[in-house]
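One-letter residues, chain by chain:
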Amino acid sequence: MTLTQFVAGTRDQLAGAWPVTRSFVSTRHGGVPGATLQAALSGCGWRSERVLPTVSDTAVVMVSGPDGQAGVLKVAASERGMASLSQEWDVLGRLWSEERLRAWRGLLPMPLTAGDMDGGSFLLVSRLTGRDGRQVRPAAAGRLTSAAFGAIAPLHRLGQTMRVPGTALLDQWVNEPADRVRAAVGGQRVIGWLAAALRAELTAGPLPLGWTHGDFYPGNVLVGDRGQVTGIIDWSQARPADLVPLDLAFWLLAAPAAGRPREFGGRVAARLASGQSWTPDEICLLQAVMTGQPLTGRALLMLAWLRHVAANLAKSARYASSPVWSRRNVLPVLRRLDDMAWAGEGL
C-alpha cells in the first residue's frame, strides 16, 4: 500500500468524527475536555489511551485504532497551534515523498490525516516505538548524542548546499525572531545590537544550508533498548533551507549534563560568562558539518538561543506572560549581551 492510499483510507475512516462545536477549548496544559475528545473520536474506531503533558497550545493524545494501529492525535484551538499542525502535516508529507531518504523515513511518524473543525484543527500521525530520549541515564548521554547525530545526518545531507544567506534567510534567522523577542520582553538596544552582529557574521562567507528538524533535542528523539534511535518526532519547526549546524548546537545546549544550569537560558548565559561557547569535544562535533566559512562560537550560540526563545514565544502566549520563564531563560542572556555591547566586544 502506498502512502497516498494509506492516508486516503485513514481519512475516510475519520470522516464525520469531528463535531462542529464551539465547546472545543484547550486547557492551560494543552489538553482538551474529555467530552470533546470522546465526541471527536466517536464513530471512527480510534480510542483515547492517555493525554500527554505539553507546553504548547496543542493537545497531544495517544490513541489506538483498528487492527492494533497506534497513533498520536494532536488537536489545536489557537492560531499558533493550528499553524503548527499545518506545518507538521506539510513537512511530513514532503519527507515521506522524498525517495532520496529511502529507509531513513522509518524514523518519521507517518502522517495519517489532518483537517479543520469549527474553532480548531487536528492532525493524526502513526506512533513510533521507543522511549523518550530524556529518560536515558546521564552516564549514557554521550552515546545518545552520537546516535542522535548519526540519525539526523541523512536529513541534513538532503539537498545541502553552500551559499551566503540572502535577505529572506536573514529575516527568518535573525530579524523575525529578534522582533518577536523584543516585542515580548523588551531589551530594544541589546537585541538590536545582537541582530546586527549576527547579520554581519552570517554574511561573512558561504554556510551549509539544508533540511533541519528545528527542535532537535532528547525529548524529540525515541530510543530503543540497545541505545539506537528508533524515531524522531514533532516536525512542526522543520525547514528545507536552514543552517544545518543549528540542529546540533541546540542539541548540545539542551541535553542534560551534570553541573549545568537546568534552564536553557542559564546554560547559554554561563557559556557567555565563561568565555567558552563550546567545549573542545563539542567543537569537533560541530566542525563535522561546518564546512566552508565557519561561524564563530558565540554567533552559533546566540543563534540557537534566539531561535529557541522565539520558538517558545510562538508556541504559546503563556511564555510572554511568565516572569519566571523570562527571568530564567531571557534576562540572564540579555544582561551578558549588554555587558558585551558596552565593552565594545563582538560575537
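Here's what I pulled together on the structure shown here. Treat the numbers as computed from the prediction; the structure is a model and nothing was measured.

**What to know about the overall build of the chain**
Stage number 1. In terms of helices and strands, the chain carries 13 helices and 11 strands.
Stage number 2. Each of the 347 residues in the chain was classed as buried or not, and the buried ones make up 50%.
Stage number 3. Taking the contacts inside the chain whose residues are at least 6 apart along the sequence as the reference set, 70% of them involve residues at least 24 apart.
Stage number 4. A total accessible area of about 15800 Å² is found for the chain, and carbon and sulfur atoms account for 53% of it.

**Concerning the sheet that holds strand E9 (residues 221–223)**
Stage number 1. Sheet architecture is open: 3 strands sit in the order E6-E9-E10, paired in antiparallel fashion. Of all the strands in the sheet, the pair left with one neighbour each is strand E6 (131–132) and strand E10 (229–232).
Stage number 2. In this structure, E9 lies alongside E10, joined through 3 bridges in antiparallel fashion. Residue Val223 lies in a different strand from E10, and its bridge partner there is Val229.
Stage number 3. Together, E9 and E10 form the strand contacts of helix H4 (residues 141–157), whose direction differs from that of E10 by roughly 55 degrees.

**Some points on the pattern of salt bridges**
Stage number 1. Under the defined criterion, the tally for this structure stands at 13 salt bridges.
Stage number 2. Close ionic contact of Glu98 with Arg100 constitutes a salt bridge, the shortest N to O distance being 2.8 Å.
Stage number 3. Relative accessible area serves as the criterion here: at 19%, Glu98 is assigned to the buried category.
Stage number 4. Look at the salt bridges and you will find they share partners, linking Lys74, Glu88 and Asp234 into a network.

**A closer look at the pairing of strand E3 (residues 70–76)**
Stage number 1. The buried fraction of E3 amounts to 6 of the 7 residues, a majority that puts the element mostly inside the structure.
Stage number 2. Across 7 bridges, the pairing between strand E2 (residues 58–64) and E3 is antiparallel. Each residue of the ladder has a partner; that of Val63, found in E3, is Gly71.
Stage number 3. In this antiparallel pair of consecutive strands, E2 and E3, the connection spans 5 residues, and Asp67 shows a positive phi of 60 degrees.

**Some words on the packing of helix H6 (residues 188–202) against helix H10 (residues 297–315)**
Stage number 1. Contact geometry for H6 and H10: axes closest at 10 Å, N-to-C directions at 125 degrees. Here H6 lies oblique to H10, going by the angle between them. H10 is crossed by H6, and the crossing has left-handed handedness. Contacts from Leu194, Leu198, Glu201 and Leu202 in H6 reach Ala299, Met302, Leu303, Trp305 and Leu306 in H10.
Stage number 2. Among the residues making up the contact of H6 with H10, the classes are represented as 8 nonpolar, no polar and 1 charged.

**Observations concerning the side chain of Lys74**
Stage number 1. Mapping Lys74 onto the fold places it in strand E3.
Stage number 2. Reaching out from Lys74, the side chain makes a polar contact with the side chain of Glu88 at a distance of 2.9 Å.
Stage number 3. Separated by 2.7 Å, the side chains of Lys74 and Asp234 make a polar contact.
Stage number 4. Not counting chain neighbours up to four residues away, the residues in contact with Lys74 comprise Thr58, Ala59, Val60, Leu85, Glu88, Ser121, Phe122, Leu123 and Asp234.

**Focus: the sheet that holds E2**
Stage number 1. Strand order in this open sheet of 5 strands is E1-E2-E3-E5-E4, and the pairing throughout is antiparallel. The sheet terminates laterally at strand E1 (47–52) and strand E4 (111–117), the two strands that pair on one side only. When strand polarity is set aside, the average angle formed by the axes of neighbouring strands in this sheet is 25 degrees.
Stage number 2. Of the pairings in the sheet, the one linking E3 to strand E5 (residues 120–126) comprises 6 bridges and is antiparallel in character. Bridge pairing links Gly71 to Ser126 in E5.
Stage number 3. Set on the sheet, helix H3 (residues 79–96) makes contact with E2, E3, E4 and E5; between it and E5 the angle comes to about 35 degrees.

**Side note on unusual backbone geometry**
Stage number 1. Not every positive phi belongs to a glycine, and Arg102 is a case in point at roughly 45 degrees.
Stage number 2. Examined against the element boundaries, Arg102 turns out to sit in the loop between H3 and E4.

**Observations regarding H4**
Stage number 1. In this model H4 runs 24 Å from its N-terminal to its C-terminal C-alpha over 17 residues, within 8% of the 24 Å that 1.5 Å per residue would give.
Stage number 2. Along H4, the helix axis deviates most sharply at Ala151, where the bend reaches about 30 degrees; the proline Pro154 sits within four residues downstream.
Stage number 3. Listing the buried residues of H4 in full gives Leu144, Thr145, Ala148, Phe149, Ala151, Ile152, Ala153, Leu155 and His156.

Rules and cut-offs
Residues numbered from 1 in each chain as written. Predicted model: local features only at pLDDT ≥ 70, side-chain atom pairs only at ≥ 80, totals over all residues. Heavy atoms only, no water. Helix = DSSP H or I, 4+ residues; strand = E, 2+ residues; numbered from the N terminus. Buried < 20%, exposed > 50% of the residue type's maximum accessible area, 1.4 Å probe, protein only. Contact = heavy atoms within 4.5 Å. Areas by Shrake-Rupley, 256 points an atom, 1.4 Å probe, with all protein chains shown as cover. Pairing = 2+ DSSP bridges. Axes fitted to C-alpha atoms, helices over the stretch in contact; angles between N-to-C directions. Salt bridge = Lys/Arg side-chain N within 4 Å of Asp/Glu carboxyl O. Parallel < 35°, antiparallel > 145°, perpendicular 65-115°, else oblique. Left-handed = near helix turned anticlockwise from the far one by under 90°. Nonpolar A, V, L, I, M, F, W, Y, C, P; charged D, E, K, R; others polar. Polar contact = N/O pair within 3.5 Å; in protein donor to acceptor, adjacent residues only side chain to side chain. Expected span 1.5 Å × (residues − 1). Bend = angle between axes of the 7 residues up to and from the residue.

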